[in-house]
Amino acid sequence: MIPDAKAPAPRTIRVRLTHGPLDYLRLFLRIGFWCAVIFVVAAAFEGDEFSDKGNVVFLDADFEETDEAAIGENDAVVGLLDLSGTIASFPDADVITSSGSGVTPDDVREALSVMRGVGGLSGLVVRFESPGGEVAASDEIRNILATFKAREEMPIFFYSGFVLASGAYYAACAADRIYAAKNAEVGSIGVIIEMLNYRKLANQTLGVDMKVYKSGEFKDMGNPFRDPTPAEENLLARDVRESMDEFVAEVAKSRNIPEDVVRAKLGTGEVWSGRRAK
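Rules and cut-offs
- Residues numbered from 1 in each chain as written.
- Predicted model: local features only at pLDDT ≥ 70, side-chain atom pairs only at ≥ 80, totals over all residues.
- Heavy atoms only, no water.
- Helix = DSSP H or I, 4+ residues; strand = E, 2+ residues; numbered from the N terminus.
- Buried < 20%, exposed > 50% of the residue type's maximum accessible area, 1.4 Å probe, protein only.
- Contact = heavy atoms within 4.5 Å.
- Areas by Shrake-Rupley, 256 points an atom, 1.4 Å probe, with all protein chains shown as cover.
- Phe/Tyr/Trp six-rings, centres within 6.5 Å; stacked < 30°, edge-to-face > 60°.
- Pairing = 2+ DSSP bridges.
- Axes fitted to C-alpha atoms, helices over the stretch in contact; angles between N-to-C directions.
- Patch = residues over 30% accessible without salt bridge, like charges linked within 9 Å, V, L, I, M, F, W, Y side chains within 5 Å.
- Salt bridge = Lys/Arg side-chain N within 4 Å of Asp/Glu carboxyl O.

1. A short note on the overall build of the protein chain
Of regular secondary structure, the protein chain possesses 8 helices and 9 strands. Residues classed as buried in the protein chain amount to 28% of the 278 residues present. Pairs at least 24 residues apart make up 63% of the contacts formed inside the protein chain by residues separated by at least 6 positions. Put simply, the protein chain shows about 19400 Å² of open surface, and 55% of that area lies on carbon and sulfur atoms.

2. What to know about the packing of aromatic side chains
Per the stated rule, a full pass over the model turns up 4 aromatic pairs. Measuring from centroid to centroid gives 5.9 Å for phenylalanine 128 and phenylalanine 158, while their planes differ by 50 degrees, and the two rings are tilted. Taken together, the residues phenylalanine 128 in strand S4 (residues 121-129) and phenylalanine 158 in strand S5 (residues 156-160) connect sequence positions 30 residues apart. Take phenylalanine 128 and phenylalanine 158: they sit in the same class, and that class is buried. Geometrically, the ring pair formed by phenylalanine 157 and tyrosine 179 is tilted, given 6.4 Å between the ring centres and 50 degrees between the ring planes. Of the two residues, phenylalanine 157 is situated in strand S5 and tyrosine 179 in strand S7 (residues 177-180); the sequence distance between them amounts to 22 residues.

3. Quick word on the sheet that holds strand S3 (residues 77-84)
The sheet built from 4 strands is open, its strands ordered S3-S4-S5-S7 with parallel pairing. The open sheet is flanked by S3 and S7, the only strands paired with a single partner. Here the strands of the sheet are splayed against their neighbours by 20 degrees on average, with no regard to which way each runs. In this sheet, S5 lies alongside S4 in parallel orientation, the contact comprising 4 bridges. In the sheet register, leucine 124 faces S5, and the bridge partner there is isoleucine 156. Packing of helix H2 (residues 105-118) onto the sheet brings it into contact with S3 and S4, and relative to S3 it is tilted by some 165 degrees.

4. Section: a nonpolar patch on the surface
Together, Leu196, Tyr198, Leu201, Leu206 and Val208 make up a nonpolar patch on the protein surface, roughly 500 Å² of accessible area in all. Structurally, leucine 206 is set in the loop between helix H5 (199-205) and helix H6 (230-255).

5. Let's talk about the sheet that holds strand S8 (residues 185-187)
Across the sheet, which stays open at both edges, the 3 strands sit in the order S6-S8-S9 with mixed pairing between neighbours. Since the sheet does not close on itself, it has two edges, and those belong to strand S6 (163-165) and strand S9 (271-273), each with one partner. Across this sheet, the average inter-strand angle for adjacent strands is 35 degrees, counted without regard to direction. Strand direction decides the pairing type here: S6 and S8, joined by 3 bridges, are parallel. Paired with valine 163 across the bridge in S8 is glutamate 185.

6. Considering the pattern of salt bridges
In the structure shown here, the tally under the stated rule is 15 salt bridges. Linking lysine 214 and aspartate 220 is a salt bridge whose minimum nitrogen-to-oxygen distance equals 2.8 Å. Residue classification places lysine 214 among the partly exposed positions, given a relative accessible area of 40%. Put simply, arginine 238 and aspartate 239 hold a salt bridge, and the shortest N to O gap is 3.2 Å. Taking relative accessible area as the criterion, aspartate 239 reaches 28% and is therefore assigned partly exposed. Each of Lys214, Asp220, Arg226 and Glu232 takes part in a single network of salt bridges with overlapping partners.

Structure (structure tokens):
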């Protein structure tokens, strides 16, 4: 060391960390991955009233909740299935409430699977509150219930306290007997197709026109920007007639009423009170 020499001043080294686009991309992917994991876990634990057997509730004769262990060997156990809403093929197809709370064939199928898992049932009561809905979905629900009744060899009873109409009554044709409260609305045996037509509003008022390029004569049948052609009206009438024929046949068979009586007196679309429907 040299005498009287000044010590060198300490140097400060500054390090600045910079983040490039790849770093932000990695961070985004990590966050997305863990969000997906959390979503999957939450969905796995989300309760489902039909598929989760833990939601099966046992009731006594007074409809008070009881434990399964309290059921004796000689006690009759009857399944109770609650269904309410518009009948639709998919959960989000409830056009009346727009709430996705409709009754679908999958709902009924899963519920009956739970009933089958309980075992030892003497019968099944379906409490159904519905104004009806899709023809195909109503027919499938009826088929599911009829198959369940035949396979399990147990009676099925329907009950409605408010409304059991149209497609809901069609589904109830699978039951051995239908019960309804005296002021419930029952019936509406019939088929309907409704289509909006705002050709005049679009063309004459708003000046809107739609150009359609189609591969076949009936490809845009139901186009609300034009009136239906006579050929299209014939096809729609045919569909209504065929569905009505099936409806009448099911009512006649299940309720043991001649088809001509069902068609002439009952298949008018009329709704009856539970008191008059019997």
